[in-house]
Amino acid sequence: MVSPLRPKPFLQPEYCKGCLRCIDACPKHCITPGHEINPITGLVPVELNLDACNGCTLCMQACPEPFGLRPETERCGASCGPDGDFELNDPAKLFGPRQVKAEPALDQPDERIELPACEPMVLKGNYASAIGALLGGCRHVFGYPITPSTEGSELMAKILPKLNGSFVQAVSETAAVNMMYGAGGGGVPCITFTSGPGFSLMLEGISYLVGAELPGVFVNIMRGGPGLGNLGPEQADIAMACRGLGHGNSHAIVLAPGTPQEMLDLAMESFDLSFRYRIPVVILGDGYLGQMTGVVKLPRHMIKRGMPAWAVCGDRGHRHNVISSIQLAEVDLEKHNEHLNRKYARIAEAEQRADLYRCADADTLIIACNTPARMAKGAIAAARAEGLRVGLFRPVTLWPFPIKLLADLLPQIDRIVVVEAGPGQLENELRLALSHAGYMPPHIETVRRHGGVLPSQDEIFNQLLAGREVVS
Ligand code: SF4
Ligand code: SF4
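Procedures and definitions
- Residues numbered from 1 in each chain as written.
- Chains lettered and ligands numbered in written order.
- Predicted model: local features only at pLDDT ≥ 70, side-chain atom pairs only at ≥ 80, totals over all residues.
- Helix = DSSP H or I, 4+ residues; strand = E, 2+ residues; numbered from the N terminus.
- Contact = placed C-beta atoms within 7 Å.
- Near = placed C-beta within 6 Å.
- Nonpolar A, V, L, I, M, F, W, Y, C, P; charged D, E, K, R; others polar.
- Pairing = 2+ DSSP bridges.
- Axes fitted to C-alpha atoms, helices over the stretch in contact; angles between N-to-C directions.
- Parallel < 35°, antiparallel > 145°, perpendicular 65-115°, else oblique.
- Left-handed = near helix turned anticlockwise from the far one by under 90°.
- Domains from an automatic or database assignment.
- Core = buried A, V, L, I, M, F, W, Y, C linked by C-beta atoms within 7 Å.
- Buried ≥ 20, exposed ≤ 12 C-beta atoms within 10 Å, placed from the backbone.
- Right-handed = clockwise from strand over helix to strand, strands pointing away.
- Expected span 1.5 Å × (residues − 1).
- Bend = angle between axes of the 7 residues up to and from the residue.
- pLDDT = per-residue confidence, 0-100.

Asker: Quick rundown of the overall build of the protein? Include the residues and the values.
Answerer: Along the backbone of the protein there are 15 helices and 20 strands. Along the longest, intermediate and shortest principal axes, the C-alpha atoms of the protein span 95 × 55 × 40 Å. Considering only residue pairs separated by 6 or more positions, the protein has 80% of its internal contacts joining residues 24 or more positions apart.

Asker: Before we move on, could you go through the site of ligand 1 and cite the residues and values that matter?
Answerer: Cys26, Cys30, Cys53, Cys56 and Cys59 are the nearest of the 15 residues found near ligand 1. Across the shell around ligand 1, the residue classes break down as ten nonpolar, three polar and two charged.

Asker: Quick rundown of the sheet that holds strand S9 (residues 190-194)? Include the residues and the values.
Answerer: Within the open sheet, the seven strands sit side by side as S8-S7-S9-S10-S12-S11-S18. Their pairing is mixed. In this open sheet, the two strands that pair with only one neighbour each are strand S8 (166-169) and strand S18 (397-399). The mean angle between the axes of side-by-side strands here comes to 20°, regardless of whether they run parallel or antiparallel. Where strand S7 (residues 140-143) lies against S8, four bridges are found, and the strand directions are parallel. What sits directly across from Phe142, in S8, is Val168.

Asker: Please give an account of the site of ligand 2 that cites residues and values.
Answerer: Lining the immediate environment of ligand 2, one finds 15 residues, of which Cys16, Cys19, Cys22, Cys63 and Gly68 sit closest. Residues that form the shell around ligand 2 fall into these classes: ten nonpolar, two polar and three charged.

Asker: Go over the packing of helix H6 (residues 173-185) against helix H7 (residues 196-212), please, and point to the residues and values.
Answerer: Where H6 contacts H7, the axes come no closer than 8 Å and their chain directions differ by 25°. Considered as vectors, H6 and H7 are oriented roughly parallel to each other. Where H6 crosses over H7, the handedness of that crossing is right-handed. For the pair H6 and H7, contact is made by Glu173, Thr174, Val177, Asn178, Met180, Tyr181, Gly184 and Gly185 and by Gly198, Leu201, Met202, Gly205, Ile206, Tyr208, Leu209 and Ala212, respectively. Within the contact of H6 with H7, the residues separate by chemical class into nine nonpolar, six polar and one charged.

Asker: Go over the sheet that holds strand S17 (residues 390-395) with me, naming the residues and quoting the values.
Answerer: Taken in spatial order, the five strands line up as S15-S17-S16-S19-S20 in an open sheet, and their pairing is mixed. Edge positions in the sheet fall to strand S15 (354-357) and strand S20 (443-448), since each has one partner strand and no second. Averaged over all pairs of adjacent strands, the angle between strand axes in this sheet comes to 20°, irrespective of strand direction. When strand S16 (residues 364-367) meets strand S19 (residues 415-420), the two strands line up parallel, connected through four bridges.

Asker: Tell me about the domain arrangement of the protein, residues and numbers included.
Answerer: Put simply, an interface is often sized by how much accessible area is lost when its parts join up. Under the domain assignment used here, the protein contains domain 1 (9-95), domain 2 (111-350) and domain 3 (354-471). For domain 1 versus domain 2, the distance between C-alpha centres works out to 35 Å.

Asker: Can you explain the nonpolar core? Please cite residues and give values.
Answerer: Counting residues in each nonpolar core, the largest one holds 104 residues, and the members touching the most others are Ala241, Ala252, Val254, Leu284, Ile366, Ala376 and Leu398. Here this core gets eight residues from one element, more than from any other, and that element is helix H9 (residues 260-277). Residue assignment places this core across two domains, with domain 2 (111-350) and domain 3 (354-471) each supplying three or more. Within the second largest apolar cluster, 13 residues are counted, among which are Cys30, Ile31, Val46 and Leu48.

Asker: Can you explain the environment of Glu114? Please cite residues and give values.
Answerer: Mapped onto the secondary structure, Glu114 falls in strand S5 (residues 111-114). Spatially, the C-alpha atom of Glu114 lies 28 Å from that of Arg21, the residues being 93 residues apart in sequence.

Asker: Residues and numbers for the pairing of S19, please.
Answerer: When a strand is regular, its side chains alternate between the sheet's two faces. In terms of burial, S19 is a largely internal element, five of the six residues being buried. This β-α-β element, S19 to helix H14 (residues 425-437) to S20, shows right-handed connectivity.

Asker: Please provide a residue-by-residue account of H9, values included.
Answerer: Here H9 contains 18 residues, and its C-alpha end-to-end distance of 25 Å stays within 8% of the 26 Å for a straight helix at 1.5 Å per residue. Along its length, H9 reaches its greatest deviation from straightness, about 30°, at Glu269. Looking one or two places after H9, you find Arg278, whose phi comes out positive at around 50°.

Asker: I'd love a proper account of the environment of Leu264, names of residues and values included.
Answerer: You can see Leu264 is positioned in helix H9. Judged by the 29 C-beta atoms lying within 10 Å of it, Leu264 is buried. Along the sequence, Leu264 and Phe393 sit 129 residues apart, while their C-alpha atoms lie 21 Å from each other. Dropping the residues within four chain positions of it, Leu264 is found in contact with Ala128, Ser129, Ile131, Gly132 and Val296.

Asker: So what's going on with the confidence of the model for the protein? Which residues, and what values?
Answerer: Averaged over every residue, the pLDDT of the protein is 92; residues scoring 70 or more account for 92%. Counted against residues more than four places away or in other chains, residues 78-82, with its pLDDT under 50, gives twelve contacts.

Asker: Break down unusual backbone geometry for me, citing the residues and quoting the values.
Answerer: What is expected of a backbone is that most residues other than glycine have negative phi and most peptide bonds are trans. Thr147 connects to Pro148 through a cis peptide bond whose omega is 10°. Examined against the element boundaries, Pro148 turns out to sit in the loop between S7 and helix H5 (150-159). Here the residue pair Gly225 and Pro226 is connected by a cis peptide bond, since its omega of 5° sits within 30 degrees of zero. Tracing the backbone through its elements, the reader meets Pro226 in the loop between strand S10 (216-222) and helix H8 (238-243). A positive phi angle, near 75°, is found at Thr57, a position not held by glycine. Checked against the element boundaries, Thr57 lands in the loop between strand S3 (47-48) and helix H2 (58-62). The exposure class assigned to Thr57 is partly exposed, which follows from the 16 C-beta atoms found within 10 Å.

Asker: Got a sec to walk through the packing of helix H4 (residues 125-135) against H9? Specific residues and values, please.
Answerer: Taken N-terminus to C-terminus, the directions of H4 and H9 make an angle of 25°; their axes are 7 Å apart at the nearest point. It follows that H4 is roughly parallel to H9 by the angle criterion. Pair H4 / H9 crosses with right-handed handedness. On H9, the residues touching Gly125, Ala128, Ser129, Ile131, Gly132, Ala133 and Leu135 of H4 are Pro260, Met263, Leu264, Asp265, Leu266, Ala267 and Met268. Taken together, the residues of the contact of H4 with H9 break down into ten nonpolar, three polar and one charged.

In structure tokens form, the structure reads like this:
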């Protein structure tokens, strides 16, 4: 028998936002997801079947809405008009003044969970980045499939339902990036997998993420351009990721993996970076890297994400947080941009990364990233057999460009050969970084292919030999 002190719940559907927390809370399975959109709110309220209800109140405690699930004893007819239809009244009139403001939420820290050792796996780069995201604590994926990145979304669509996560194939990339804005605002790690044409469509939304200082990870597996281009592995989006992330003073951390192992490692770490700095992270792979298989070792730990204090996640402690990218007063927007600039400077100071290969005695540097860096290693072996002292400088962060690490090598370097599967966007980043840091560039040569054609080992080797005569 139910005690009169423990009334069953009732729900005015118009005050239910459909968060489903009450379903998890109810031990008697009295509450189920709704099936009909409420015409007044546009949301889908839950449905109650209280036959088994024992009045435990757990659902009411779980409900974050102050006028959501409430005890039957507080039911008030005042929300209904004379004909019995719902009238949207001021809730304060129905239920009294709002509860006292809750204490602000504190950061709920991430949890590190140790994993057992397992055998290395052979994985495509796209799958590796999806697994890295899962291990990094990501359970939300919003996207629109596009070759050559689709395997990342495909794997997430299969796995996430089993992990209590969400995979949403949006109607477009524009919709997907705005879903990421919502998830990021809620303090939830989320990722998308895309390629050049899709990434172009996301730029406006990325600018909003940057302006509102929200996390979110974008895996862009680059393909040939401009336009629809082709599916070849062109490094066509370096400029867009480093210099053109939508309108305004927009920057994201841009990472350039070189192997499937790095696709996993950087995808996992990207959530740390994205939440630490409250900034989007772009993982720029090329089409070859996304499709290439390689041996991948899994880490011995995974991350269970906490909840940042700034998030708008729906509970009482976070209720008064506001996420917005709009600053209508010019002076306020200027202050916000100055704040962003200080953050960008902190990132540039702390996060520059590069991989150095045979650079200790080098007087010639190849600068390359992604798959062309692998071709460069073969060319370096051949060139060293000819007596050339060549090393590889492989930027792992493209923004910020690792100029501090390059500067350490510059005194010994006579020439730089920039190797790209693209129209010179990596070279532009190099020249900008040298210029802003106040360095005179050494002699710079290039090996470039376009349209999805990769520079070959022979082409790089031949340039190393030919250029030797120019500088000597
Ligand atoms: S009061 Fe308890 S049993 Fe009844 S619906 Fe709520 S959680 Fe379920
Ligand atoms: S917890 Fe409250 S707002 Fe969330 S679904 Fe249940 S009744 Fe609706």
